[in-house]
Every structure is written in C-alpha cells, then in structure tokens.
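Tertiary structure, described
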Amino acid sequence: MSSSDIFLGETIGTAVLILLGGGVCAAVTLKRSKAVGAGWVAITFGWGFAVLTAAYIALGLSGAHLNPAVTVGIAVQSGEWGDVPLYFAGQLLGAMAGAVLVWICYYGHFTAHLTDHEATGGSGAADGRRPGGPGPVLGVFSTAPEIRRPVQNLATETVATAVLVLAILTQGLTEGLALSGTGVLITALVVVGLGLSLGGPTGYAINPARDLGPRIVHALLPLPNKGGSDWGYAWVPVAGPLLGGAAAGGIYQLAFA
C-alpha cells in the first residue's frame, strides 16, 4: 500500500464510519427525527453497520484500520511502526469530516433541538450541571460516561477495545477468513456485541479518532446553546482505547505468535 492509498483509505473510510455512526446517534437523539427515541439497541446496530460499510469501502486501499487503537495493536503485533502517523492523520481527518457531514445532514434538526427550551433547559443552562460539561447534543458527536469515575471509565474503554482489537488480530489465524472478506462482517458484529455488553458505562468509544475528531468539530461548529464539549473527560476515550489496542497486540504476541 502506498502512502497516498493509506491516507485516502483511512480518511474516506473513517468519514463514512462517523457519518453513519454519528448519524444514528443524531437520528435517535434529535427532536423531529423519525427515529427519535429508538434507543440503545438501534445505536449499537447502527454503529455495527457503520463499521461494516466503512471497512468494506476502505479495505482495498488501506486495510481499513479506521481506528488508532487498531493501528497500535497491529503495530505491537507486527513490530512495524513506520506508517502509524499516516494512519493516525487519515483517521482523525476522516472523523472530523464525518462529523461535519452529520451536522449538514441534520442541520434543521440540530436547530430545532437547540432552540427547544425543554431540550436545552433554557438559554445558558445546557451544561449547567457542570461548567464545560456535556451539552444537549454532545452525544451525537462523542461519548460521555453515565457514572463519572475516571478509573472505571478508563478501564471499561481499555477492556472493550482490547476485545475488539484481539478479535481483529486473531482473524488471520483462521485460514481463508481474511481473504474471503468475512472478517469485516465479524468485526462489525463484534462492535454490536461490545455495544450491547460493555457500551452502557461509557458509550463505548473504543476508537480515539471516533471520539476526538467529532468532539473537536462540536467545539468549532456554530451551534447555539450547544453547551460544553466536556474536555475534562476527553482524555479517557483516547487513552483507554490506545491502551486496549496495545494490550491486545501484546496478548497476541504472548498467546498466539
């Protein structure tokens, strides 16, 4: 794979991932959406299908990492670190582009939601529980814990991501799985399973770019009454998945290499 293939594949693939994943969050969250209130199961399957679509699109160009934690896990497992910064750059840019596309597609719904007194709690009160804390639409862009305990939140993200990355790394041990393309489907189903099993505490970022890129976009977009971007928590869905990816690479080396 050339450098341009890696960068383009990761940018396009991650943009599609966030467009469809953030899109299901917007559909379930924002007032006057046809899917409003559809719930957590809809979100988990929406993210699974987002992974499936994005990975098939990017697979031939970049190998479809679409996640810095996956890139780190593969680097630890293989010992090859040269292309890691290129993967990271494409993933972050793609995540930001995908978040902007969600905003464009749901522009009217963001406007309706953020001008609704009931949704925002009144002007200036959107994040009144905690200065700089999550606003009324931040969940469309990035994650937040239901119970804010940084050590537990970090552990949840680390463990969930380790399962994801280990599931990806071990696909190569099954003859023909990677060549058939079935591995992409399995990865998507693993993401759905993780959302159903371990997504409740933190919203299962399991991908630093998925959380950080859209959080930056949330901070920059001209959304009235949007509240804070919760930067005090933002390190958890970055550090946890990176630790989980590295741990998965190490486990692979110890148990399967």
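Residue numbers run consecutively from 1 along every chain, following the written order of its sequence. pLDDT decides what is reported in this predicted model: residues at 70 or higher carry local features, side-chain atom pairs at 80 or more are listed and counted, and totals for whole chains, interfaces and linings draw on all residues regardless. Hydrogens and water molecules were not included; the side-chain quantities draw on all heavy atoms of the structure.

Here we come to the overall build of the protein. Secondary structure counts use DSSP, requiring at least four H or I residues in a row for a helix and at least two E residues in a row for a strand, with both numbered from the N terminus. Assigned secondary structure in the protein consists of twelve helices and zero strands. The helix and strand sequence of the protein, counted from the amino end, reads α-α-α-α-α-α-α-α-α-α-α-α. Its C-alpha radius of gyration of 18 Å places the protein within 12% of the 18 Å reference for a compact globule of 257 residues. Taken over the C-alpha atoms alone, the protein extends approximately 55 × 35 × 30 Å along its principal axes. Per-residue burial over the protein gives 49% buried out of 257 residues. Contact criterion: two residues are considered in contact whenever any of their non-hydrogen atoms come within 4.5 Å of each other. Partitioning the contacts of the protein with sequence separation of at least 6, the portion at a separation of at least 24 is 78%. For the protein, the accessible surface area stands at approximately 11200 Å², while carbon and sulfur atoms represent 67% of it. Charge assignment: positive for Lys and Arg, negative for Asp and Glu; neither His nor the chain ends contribute. Lys charges are placed at NZ, Arg charges at CZ, Asp charges at CG and Glu charges at CD. Within the protein, one finds 10 positive and 12 negative side-chain charges whose respective centroids are separated by 15 Å. The reference for a compact globule is 2.2 Å times residues^0.38; the radius of gyration itself is calculated from the C-alpha atoms. The buried label goes to any residue with under 20% of its type's maximum accessible area, the exposed label to any with over 50%, and the partly exposed label to all in between, with areas taken from a 1.4 Å probe on protein chains only. Every accessible area reported is derived by Shrake-Rupley at a probe size of 1.4 Å, with residue values counting cover from the shown protein chains alone.

Moving on, we come to unusual backbone geometry. Even without a glycine there, the phi angle at R32 is positive, about 70 degrees. Mapped onto the secondary structure, R32 falls in the loop between α1 (3–29) and α2 (40–62). Since its relative accessible area comes to 74%, R32 is described here as exposed. A positive phi is found at L66, a non-glycine position, where the angle reads about 60 degrees. Residue placement: L66 occurs in the loop between α2 and α3 (68–78). Owing to a relative accessible area of 5%, L66 belongs among the buried residues under this scheme.

Turning next to the nonpolar core. Think of a nonpolar core as a cluster: buried Ala, Val, Leu, Ile, Met, Phe, Trp, Tyr and Cys residues, connected wherever their side-chain atoms sit within 4.5 Å. Ranked by internal contacts, the top residues of the largest apolar core, which has 41 residues, are L17, W47, F110, F141 and L223. For this core, the secondary structure elements donating two or more residues are α1, α2, α4 (84–105), α5 (107–114), α7 (138–141), α8 (150–169), α10 (182–198) and α11 (208–220). Among the elements that line this core, the one with the most residues is α1, at eight residues. Apart from residues no more than four positions distant in its own chain, F110 is found in contact with L30, V102, W103, V137, V140, F141 and L223. Formed by six residues, the second largest nonpolar core is a distinct cluster that contains A69, L169, A248 and Y252.

Bringing α8 into the picture now. How far a helix is expected to stretch is found by multiplying one less than its residue total by 1.5 Å. Compared with an ideal rise of 1.5 Å per residue, which puts 20 residues at 28 Å, α8 spans 28 Å between its outermost C-alpha atoms and is within 8% of the ideal. Within α8, the full set of buried residues consists of N153, L154, T156, E157, T158, A160, T161, A162, L164, V165 and L169. In this fold, the buried residues of α8 make contact with α3, α10 and α12 (236–255).

Another aspect to go through is a nonpolar patch on the surface. Patches in this entry comprise residues that are over 30% relatively accessible and not in a salt bridge; like charges within 9 Å are linked, as are nonpolar side chains (Val, Leu, Ile, Met, Phe, Trp, Tyr) within 5 Å. Salt bridges are counted wherever a side-chain nitrogen of Lys or Arg sits within 4 Å of a carboxyl oxygen of Asp or Glu. Residues W40, V41, F45, F49 and L196 make up a contiguous nonpolar surface patch of roughly 480 Å² in combined accessible area. Among the elements that take part in the nonpolar patch, α2 stands out by supplying four residues, more than any other.

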